[in-house]
Amino acid sequence: MTRAAHGRAAVTTRLELFIGKGGVGKTTLACAAAIAAVQAGQRVLVASIDQAHSLGDALGFRFEHDPGAVAGVVTVAPGFDVIEIDSLALLEDRFRDVVRLLATGDHDHGVDLAALDPAELTGLPGVQELLALTEVAQFAGEQDWDLIIVDCPPSADMLRIVTAPDTLLGYLERVWPAHARVLSATGTDVRRAVLAATVERIVLAVTAIRDLLADPHRTGARLITGAERVALAESTRVRSAAALLGMRLDAVVVNKVLSPVPAPEGPPHPAVDWYLQRRAEQLEVIADLRRRIPDVAVTIAHHSGPEPVGPRALAALAQALPVRGNPAAAAADPMLGDAAPESGEAAGEPEVRWESGTGLESVFTLRLRLPVVDPGTLRLGRVEDDVIVGADGVRRRLRLAPVLRRCTVEGAELDGAQLVVRFRPDPEVWPQ
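For the structure given in this document, a descriptive report is provided here. Here the structure is a predicted model, which means the values were calculated and not measured.

## Some words on the overall build of the chain
And then number 1: Counting its regular elements, the chain contains 11 helices and 15 strands.
And then number 2: Out of the 432 residues in the chain, the part that is buried amounts to 43%.
And then number 3: Residue pairs in contact within the chain that sit at least 24 positions apart in sequence constitute 72% of those at least 6 positions apart.
And then number 4: Here the chain has roughly 21,500 Å² of accessible surface; of this, 55% comes from carbon and sulfur atoms.

## Some thoughts on unusual backbone geometry
And then number 1: Of note in this structure, lysine 256 is not a glycine but carries a positive phi near 60°.
And then number 2: In this structure, glutamate 384 takes a positive phi of about 55° despite not being glycine.
And then number 3: By the element assignment, glutamate 384 lies in the loop between β11 (379-383) and β12 (386-391).
And then number 4: Taking relative accessible area as the criterion, glutamate 384 reaches 64% and is therefore assigned exposed.

## Quick word on the environment of proline 425
And then number 1: As for its placement among the helices and strands, proline 425 is situated in strand β15 (residues 418-425).
And then number 2: Residues contacting proline 425, with those up to four places away along its chain left out, are Gly359, Leu360, Ser362, Phe364, Arg406, Cys407 and Trp430.

## With respect to the pattern of salt bridges
And then number 1: Considering all chains together, one arrives at 22 salt bridges under this definition.
And then number 2: Salt-bridge contacts for aspartate 250 lead to arginine 248; the nearest nitrogen and oxygen are separated by 2.6 Å. Judged on exposure class, the residue aspartate 250 and its partner arginine 248 are both buried.
And then number 3: The salt bridge partner of glutamate 410 is arginine 424, with a shortest N-O separation of 2.3 Å. Note that glutamate 410 is positioned in strand β14 (residues 407-415) and arginine 424 in strand β15, a separation of 14 residues in sequence.

## Brief notes about the pairing of β12
Every other side chain in a regular strand lies on the same face of the sheet, so the side chains alternate between the two faces.
And then number 1: In terms of residue burial, β12 counts as a mostly covered element, since six of its six residues are buried.
And then number 2: Of the two faces of β12, the one carrying Asp386, Ile388 and Gly390 and the one carrying Val387, Val389 and Ala391 are both buried.
And then number 3: One ladder, built from five bridges, connects β11 with β12; its direction is antiparallel. Looking at the pairing, glycine 381 lines up with isoleucine 388 of β12.
And then number 4: Sheet topology places β12 next to strand β13 (residues 394-399); six bridges connect them, and they run antiparallel. Paired with alanine 391 across the bridge in β13 is valine 394.
And then number 5: Taking the residues between adjacent antiparallel strands as the criterion, β12 and β13 are bridged by two residues, where aspartate 392 takes a positive phi near 50°.

## Comments concerning the nonpolar core
Note that soluble globular proteins tend to have their nonpolar side chains buried in a common cluster.
And then number 1: Ranked by internal contacts, the top residues of the largest apolar core, which has 63 residues, are Leu17 and Ile148.
And then number 2: Leave out the neighbours within four places in its chain, and isoleucine 148 touches Thr13, Arg14, Leu15, Glu16, Leu45, Val136, Phe139 and Ala140.

Conventions and cut-offs
Residues numbered from 1 in each chain as written. Predicted model: local features only at pLDDT ≥ 70, side-chain atom pairs only at ≥ 80, totals over all residues. Heavy atoms only, no water. Helix = DSSP H or I, 4+ residues; strand = E, 2+ residues; numbered from the N terminus. Buried < 20%, exposed > 50% of the residue type's maximum accessible area, 1.4 Å probe, protein only. Contact = heavy atoms within 4.5 Å. Areas by Shrake-Rupley, 256 points an atom, 1.4 Å probe, with all protein chains shown as cover. Salt bridge = Lys/Arg side-chain N within 4 Å of Asp/Glu carboxyl O. Pairing = 2+ DSSP bridges. Core = buried A, V, L, I, M, F, W, Y, C linked by side-chain atoms within 4.5 Å.

What is shown is where atoms sit, not what they do.
Given below as structure tokens:
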């Protein structure tokens, strides 16, 4: 039974995805942001879907994991829960459910799933990640928490995971369309009926994930990075990928920035010289990052000195981390000023416009916000009623609006941070 069922008011649970390269302090800042939200009166769950779990390391305690068992939610403090989602254990658990379903009754379904080891299925692309996201979506649906912070795998893997629901649903629709599944589910072939019912359960679960990730009012992302030139390039690429995939980027958090110090009196010590020079380099990177992505808030998490391990150490770090619904203001860095855009960048869905002409001379445009880092990576393709857009190593398949399905692509261009694709009516299919 959920907490809402015990009399607590139902809420619309929000998701905050913490993404970034390995080693940038993503898990630490996810835990600190959770503590900031708890201090603001929110009920928070931190869920790790990174298979190299380190929540326990950051919080200073050890999770109890029974081999083969699905781990549960652990309460760290009132209003603060955590879970490390073991996708392999989830896979084994769901696999047993399917085997039991197919074993029901005396029918011979013609499939011996017992001959498979669930671990073999981990080789299928996206299986574990989809299961982990399914678990997160179920937690969001329970409405036990105001905010779920998701500690994600490294950014390249996470961007691939975000595309997995749409990819799977697209494949299913082309291989076995919904109307065909309905006919099979209501037909006389028991094997096809069971398979259709199982696939429909998968479709409903994956659709819930896709809709949750695509809802900018409920789901946002924070990119954790370092004040280094290499990290700067990665940050701009992730911002481009997030826009293409329709993911709301709330902020870029630059971690482990050296704190300001008073100006030295007299000749500085070599160590002080190094510190000031390193800090100046970091500030230059941050200023460059703000110039490159002016419409996304760039916030700073200063270096804490000793490694922040445990709730008490993380609580001090939490004061500088605004979270959705808890806009705690960090002190402005004197070298960078306090001017920053509103937190959050919603990529939005593609927009279709009529541009000019009538009938066969009409020109329509499809516009998509796409702040591409390297225009040379931009790729476009048309497959039946879909257009495929690729940029900066990420691809997205978009279903065309009905009017554009009767058109051919005339050309495309980048207009600032927008991709503009022009269409003209196809005389062979355009209504006369």
